[in-house]
Amino acid sequence: MTGMPVVEKKLGVCNLCEAICGLELTLTDGAVTGIRGNPDDPLSRGHICPKGTALADIHADPDRLRRPVRRVGDTWHEIGWDEALDLTADGLARAITAGGRDALAVYLGNPNAHSLGSLTHGTALVKSFRTRNKFSATSVDQLPHQLVAYLMYGHQLFLPIPDIDRTSYFLVLGANPMASNGSLMTVPDFPARLRELDERGGRMVVIDPRRTETAKVAGEHHFVRPGTDAHLLLAMLHVLYDEGLTRPPSYVDGLDVVERAVVSFTPELAEQATGIPADEIRRITREFAAADGAAAYGRVGVSTHAFGTVCQWAVQLLNLLTGNLDRAGGVCFTSPAIDAVGTGLIGKGHHDLWRSRVRGLAEFGGELPVSVLREEIETPGDGQVRALLTLAGNPVSSTPDGGALDRALGGLDFMAAVDIYVNETTRHADVILPPTTALERDHYDLVFHLLAVRNTARFTPAVLPKPDGAMHDWEIYREIVLRTQKRLGARAPLKKRIVQRVRLSTSPTRLVALLLRRGGSGVTMKELRAHPAGIDLGPLRAGQLPERMPRDRVDAAPELVVADLERLREAPVPAAGELLLIGRRHQRDCNSWMHNSVRLTKGKPRHHLLMHPDDLASRGLADGATVSVSSRVGDVQVEVRATDDMMRGVVSLPHGYGHRREGVRLERAVDLPGVSINDLTDAALLDVSGNAAFNGVPVRVSALSSTSG
Ligand SMILES: Nc1nc2c(c(=O)[nH]1)N[C@H]1C(S)=C(S)[C@@H](COP(=O)(O)OP(=O)(O)OC[C@H]3O[C@@H](n4cnc5c(=O)[nH]c(N)nc54)[C@H](O)[C@@H]3O)O[C@H]1N2
Ligand SMILES: Nc1nc2c(c(=O)[nH]1)N[C@H]1C(S)=C(S)[C@@H](COP(=O)(O)OP(=O)(O)OC[C@H]3O[C@@H](n4cnc5c(=O)[nH]c(N)nc54)[C@H](O)[C@@H]3O)O[C@H]1N2
Ligand code: SF4
Ligand SMILES: [Mo]
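Residues numbered from 1 in each chain as written. Chains lettered and ligands numbered in written order. Predicted model: local features only at pLDDT ≥ 70, side-chain atom pairs only at ≥ 80, totals over all residues. Heavy atoms only, no water.

Caption draft 1: Structural view of the overall build of the protein chain. What the protein chain contains, in helices and strands, is 24 helices and 30 strands. Against the compact-globule benchmark of 27 Å for 709 residues, the protein chain has a radius of gyration of 25 Å, which places it among compact chains. By principal-axis analysis of the C-alpha atoms, the protein chain measures approximately 70 × 65 × 60 Å. Here the protein chain, with 709 residues, has 61% of them falling under the buried criterion. Taking the intrachain contacts of the protein chain between residues at least 6 apart in sequence as the baseline, contacts between residues at least 24 apart amount to 74%. Approximately 26500 Å² of the protein chain is accessible, and the part contributed by carbon and sulfur atoms is 51%. Between the centroid of the 81 positive side chains of the protein chain and the centroid of its 84 negative side chains there is a distance of 5 Å. (Helix = DSSP H or I, 4+ residues; strand = E, 2+ residues; numbered from the N terminus. Rg over C-alpha atoms; globule rule 2.2 N^0.38 Å. Buried < 20%, exposed > 50% of the residue type's maximum accessible area, 1.4 Å probe, protein only. Contact = heavy atoms within 4.5 Å. Areas by Shrake-Rupley, 256 points an atom, 1.4 Å probe, with all protein chains shown as cover. Lys, Arg positive; Asp, Glu negative; His and termini not counted. Charge placed at Lys NZ, Arg CZ, Asp CG, Glu CD.)

Caption draft 2: Structural view of the site of ligand 1. In the vicinity of ligand 1 lie 28 residues, with Asn394, Ser398, Asp419, Asn423 and Ser592 positioned nearest. The side chain of Trp593 places a nitrogen or oxygen atom 3.5 Å from an oxygen atom of ligand 1. Computed on the free molecule, ligand 1 has an accessible area of 920 Å², of which 96% lies beneath the protein chains in the complex. Along the lines of polarity and charge, the residues of the shell around ligand 1 split into 14 nonpolar, 10 polar and four charged. In this structure, the shell around ligand 1 is formed jointly by two domains, domain 1 (69-141 + 344-441 + 460-506) and domain 3 (572-703), each of which donates at least three residues. (Near = heavy atom within 4 Å. Polar contact = N/O pair within 3.5 Å; in protein donor to acceptor, adjacent residues only side chain to side chain. Nonpolar A, V, L, I, M, F, W, Y, C, P; charged D, E, K, R; others polar. Domains from an automatic or database assignment.)

Caption draft 3: Empty space enclosed by the protein, seen in detail. One pass over the full model with this rule turns up eight cavities of 30 Å³ or more. Put simply, the largest cavity is a space of about 140 Å³. Lining the largest cavity we find 14 residues, and of these His145, Pro160, Ala296, Tyr297 and Gln316 sit closest to its centre. When contributions to the lining of the largest cavity are tallied by element, the ones reaching two or more residues are β8 (161-162), β13 (294-298) and α14 (308-321). For the lining of the largest cavity, the element with the most residues is α14, which contributes four residues. Looking at the lining of the largest cavity residue by residue, the classes come out as nine nonpolar, five polar and no charged. Taken as a whole, the second largest cavity holds about 110 Å³ of empty space. Residue lining of the second largest cavity: 15 residues in total, with Val13, Ala438, Leu439, Arg441 and His443 positioned closest to the centre. Classifying every residue of the lining of the second largest cavity gives seven nonpolar, six polar and two charged. (1 Å grid on protein atoms, 1.4 Å probe; cavity = no way out; pocket = protein on both sides within 12 Å on 5 of 7 lines; lining within 4 Å. Points joined across faces, edges and corners; volume = space filled by probe spheres on them.)

Caption draft 4: Fine view of the pattern of salt bridges. On inspection of all chains with the given rule, the structure shows 45 salt bridges. Here Arg282 ties to Glu268 by a salt bridge, and the two come within 3.1 Å at their closest N and O atoms. Placement of Arg282 in helix α12 (residues 278-290) and of Glu268 in helix α11 (residues 267-274) is noted, with a sequence separation of 14 residues between them. Its relative accessible area of 19% is what places Arg282 among the buried residues. Of the charged contacts, one joins Arg569 and Glu566 as a salt bridge, the two residues approaching to 3.0 Å between their closest N and O atoms. With Arg569 and Glu566 both in helix α22 (residues 559-569) and three residues apart, the pair spans about one turn of that helix. (Salt bridge = Lys/Arg side-chain N within 4 Å of Asp/Glu carboxyl O.)

Caption draft 5: Layout of the packing of helix α9 (residues 229-242) against α11. Remark: α9 packs on α11, axes separated minimally by 9 Å, with the N-to-C direction vectors making an angle of 165 degrees. As far as their axial angle goes, α11 and α9 are roughly antiparallel. Of the two elements, α9 crosses α11, and the hand of that crossing is left-handed. Together, His231, Leu232, Ala235, His238 and Val239 of α9 and Pro267, Leu269, Ala270, Ala273 and Thr274 of α11 make up the contact between the two elements. Among the residues making up the contact of α9 with α11, the classes are represented as seven nonpolar, three polar and no charged. (Axes fitted to C-alpha atoms, helices over the stretch in contact; angles between N-to-C directions. Parallel < 35°, antiparallel > 145°, perpendicular 65-115°, else oblique. Left-handed = near helix turned anticlockwise from the far one by under 90°.)

Caption draft 6: Region of the structure containing unusual backbone geometry. Residue Pro546 follows Leu545 across a cis peptide bond; omega there is 0 degrees. Mapping Pro546 onto the fold places it in the loop between β23 (535-539) and β24 (554-555). A positive phi angle is found at Arg45, which is not glycine, with a value near 50 degrees. Relative to the helices and strands, Arg45 resides in the loop between β3 (31-37) and α1 (50-53). Take Arg45: its relative accessible area is 36%, and that puts it in the partly exposed class. The backbone of Leu184 shows a phi angle near 50 degrees, a positive value even though the residue is not glycine. Looking at where Leu184 falls in the secondary structure, it is placed in the loop between α6 (177-180) and α7 (190-199). Among the residues examined, Leu184 registers a relative accessible area of 11% and is labelled buried.

Caption draft 7: View of the packing of aromatic side chains. Taken as a whole and judged by the stated rule, the model has six aromatic pairs. On the basis of an interplanar angle of 70 degrees and a centroid distance of 6.0 Å, the ring pair of Tyr153 and Phe158 is categorised as edge-to-face. Judged by centre distance (6.0 Å) and plane angle (25 degrees), the ring pair of Phe170 and Tyr297 falls under stacked. One end of the pair, Phe170, is in strand β9 (residues 169-173); the other, Tyr297, is in strand β13, with 127 residues separating them in the sequence. The pair Phe170 / Tyr297 is uniform in exposure class, with both members buried. Aromatic rings pair up to connect Tyr153, Phe158 and Phe333 into one cluster. (Phe/Tyr/Trp six-rings, centres within 6.5 Å; stacked < 30°, edge-to-face > 60°.)

What follows is the structure, encoded as C-alpha cells:
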C-alpha cells in the first residue's frame with residue numbers, strides 16, 4: 001500500500017532524570033521520528049538534553065526485552081507471561097517457605113522513582129513480602145538527606161528546595177547540575193536559570209574536587225579534598241557564631257548544642273582538611289550571610305561520602321542560621337498538587353527499628369543499606385538471603401564492590417528481575433519480566449513536583465499504545481503479589497484480600513485522579529487533561545513555617561549527628577602515595593543503563609581516569625596510557641587522561657561503565673571502553689546513615705604490571 005506518511009505531534013515527558021522535561025514528539029506512521037523540548041511546559045520551558053532525544057532509542061532498541069525470558073544454563077528462552085509470572089511466584093514462595101521472610105531480598109533501582117506505576121504499586125509489592133532485606137538506590141544516593149530531614153523536621157522527604165529563580169547567592173557543594181540537571185532540586189533548564197541569576201547580579205559558588213562543567217560557569221570555584229566538606233561547612237557555622245551573623249527563626253530547638261559543637265571547628269582546621277584557605281572560608285561565610293536570599297545546596301558529591309549526614313545537616317543549618325530557610329531566594333518548601341508528604345502518602349520514616357543480620361547496620365524507613373547485600377547472601381545462618389528480586393535496578397554496576405556482589409548473585413537459589421535488559425545484574429536472574437517503557441505509559445510525577453524549583457502539575461497520557469501482549473510494571477507487580485501470596489497460603493482474612501486485590505487492580509492514573517480530588521489543591525484530572533503541557537502553580541512559597549512542618553519545632557541538634565562529629569575529628573588524612581577516587585556524571589550518560597544508544601555513545605570517549613598532570617608525572621605515567629588502579633577491594637585497568645581540572649591528589653572515574661561481563665546482552669554497550677568504578681569502591685566505607693561512601697576512596701595508580709604507587 002502506498003500513500004502519504006501520517007505525521008502526528010504528541011506531548012510527552014522525559015523520565016530519565018529528575019528534571020522531568022516536557023517533550024513534543026513527532027510520530028510518523030506511529031514511529032517516533034523526532035523529539036524536542038516543549039516550549040509551553042511551565043517548568044522545563046522547552047529545555048531538553050541529548051538523553052531526552054534518546055528516549056526513542058530505548059523504544060526502538062532491538063536488545064530491549066519485549067517478552068519475558070527464562071534462563072536455562074547460559075541460554076535465554078522467550079516464554080509467555082503466565083509461565084513467567086508463575087515461575088517468579090514459585091521461586092519467591094519457595095525461598096520464603098524454606099528460609100523465612102528474610103530469605104527474600106528486594107532491590108529497587110533508580111527508575112522506580114521515575115515511573116508512576118512503580119510508585120503507586122511498588123510499595124504494596126515490597127510490603128507484601130514483609131522482608132527485612134529491602135534495599136534500594138536510596139542508600140547509594142540520598143539517604144543522608146532523608147535521615148537529616150527526618151531527624152530535624154520530622155519527615156524524611158520534607159526537604160527545602162533552593163529557590164534558584166530568586167536567590168542572589170547559590171552555594172553548591174558536590175553537585176554538577178550542568179551535567180545532571182539537578183537532583184533533589186528538579187531544575188530542567190538549569191543553564192537558563194543560571195543565566196538569569198547572573199543577570200540579576202547574583203552569584204554561584206561551587207565547591208568540588210574537579211573543575212566541573214558547573215564550576216566553569218560559576219562566579220567562583222574552590223577545589224576541596226574529597227570527604228572533607230563537613231569541615232568547611234562546620235567552619236562556616238563557626239564563623240557565623242563567631243562574628244554574630246546568626247538570625248535563626250524562633251521555632252528551633254538545640255541551637256545551644258550546635259554553637260558548642262562548632263567551637264572547635266575553626267576555619268584554620270578546615271583549611272588543613274579541605275585545602276581551602278581559612279580567609280576564603282571567612283569571606284564566603286560573610287558573603288553568604290549578607291546576601292539578599294542565599295541558598296546552600298549539597299548533592300551526590302557530599303551525600304555519597306563518609307560524612308554525608310554531617311554535611312547535609314550542616315547545609316540545613318547554614319540556611320537556617322542565616323535566616324534563609326523558608327525565605328524567598330533562600331530554600332523553600334514546595335506546594336505540589338498532590339502533596340505526598342503532607343497527606344502521609346509517603347511515610348515520615350523511622351530509624352533503627354531493626355538491624356542487618358551480619359554487620360548490624362540500622363534500617364532507615366524500612367530499608368537496609370545496600371552495602372550489606374553481598375554479605376547477607378554469602379553468610380550462612382538463619383535469615384540468610386537465598387532469593388533476590390530486582391525492580392529496575394542494576395546493583396552490580398551501581399553499588400559498592402559490585403564485583404563481589406556479582407559473584408555472590410551467582411550463588412543464589414533464585415533470582416527474578418523486572419527489567420528491560422539482560423545486563424550486568426539481570427544476567428544472573430532465572431527469569432526477567434520486561435514492562436512497557438516510558439512512552440507507553442501514562443505519567444504524573446508524584447516525586448519530582450515535590451522537589452521542583454517551581455510549583456507546577458502535569459499529566460501526560462501514554463504517547464504510544466501499549467503493544468499487544470505487553471504488561472505495565474504495575475500489572476506485573478500486582479500479579480507477583482497475588483500469585484506469591486496464593487502459593488504461601490492465604491493467611492489474611494477474605495475481606496482484606498479483596499480490598500488488596502481492588503487496590504492493586506486500580507490503575508495508577510485512576511489513583512492520581514483520586515489523590516488530586518483528595519489533595520485539595522483545586523487541580524483536577526480534567527483540568528490536567530485539558531492542559532497537557534502542564535499547569536503553572538507559581539513560584540515557591542516562603543513563610544510557610546512552622547505551620548506546614550510535620551512537627552512543631554525543628555531539632556537543630558539531633559544526637560546521632562552531633563555524636564558523629566567525633567569521628568570527623570579523628571578522620572585520617574590520606575597516606576603518602578595514596579590518591580582519592582571520586583565519581584562523575586556526563587550529560588550523555590544515564591547511570592548504568594543507556595550505553596546501548598548509538599546517539600549517546602558516539603563521539604569522543606569519556607570513560608577515562610582523570611588525573612592531574614603533576615600526579616601523573618610523579619608516578620612516571622604518560623597521558624593516554626593504560627594504568628592500573630587499585631583499592632582495598634579490587635583493581636581495574638583503564639586509560640588515564642591528564643587534566644588540571646582535577647585537584648592534585650584526586651582522580652575521577654564515571655560510574656555506570658564497564659559492561660564487558662559475560663552474558664550481558666547489550667550489543668553496543670559491551671563494546672564501549674571503560675571499567676566499573678564500583679569494582680574499586682568499598683562496601684566497608686559508609687556514612688553514619690549507612691549510605692555508601694563512593695567519594696574519597698583511597699586508591700593507588702601505577703603503570704601496568706608495576707607495583708609502585
Ligand atoms: N560510584 C558511584 N556509584 C553510584 C553513583 C555514583 O555517583 N558513583 N550514583 C548512585 C546513584 S545516585 C544511583 S541513583 C544509582 C543508580 O543505580 P540503580 O538503582 O542500579 O539504577 P540504574 O543504574 O539507573 O539502572 C536502572 C536499571 O533499570 C532498568 N530499567 C530502565 N528503565 C526501566 C523501566 O522503565 N522499567 C524497568 N523495570 N526497568 C528499567 C535498566 O535496564 C537497569 O537495569 O547508582 C549509584 N551508584
Ligand atoms: N547526565 C546525567 N544526569 C543525571 C544522572 C546521570 O547518570 N547522568 N543521574 C541522575 C541521578 S540518579 C542523580 S542522583 C543526580 C546526581 O546529581 P549531581 O549530584 O549533580 O551529580 P554528580 O555529577 O554526581 O555530581 C557530584 C559532584 O560531586 C563532586 N564530588 C565528588 N566528591 C566530592 C566531595 O567529597 N566533595 C565535594 N564538594 N564534591 C565532590 C564530583 O566531582 C561531582 O562534580 O543526577 C541525575 N542526573
Ligand atoms: S534533562 Fe535530559 S534526561 Fe533529564 S528529563 Fe530533561 S531531557 Fe530527560
Ligand atoms: Mo541517584
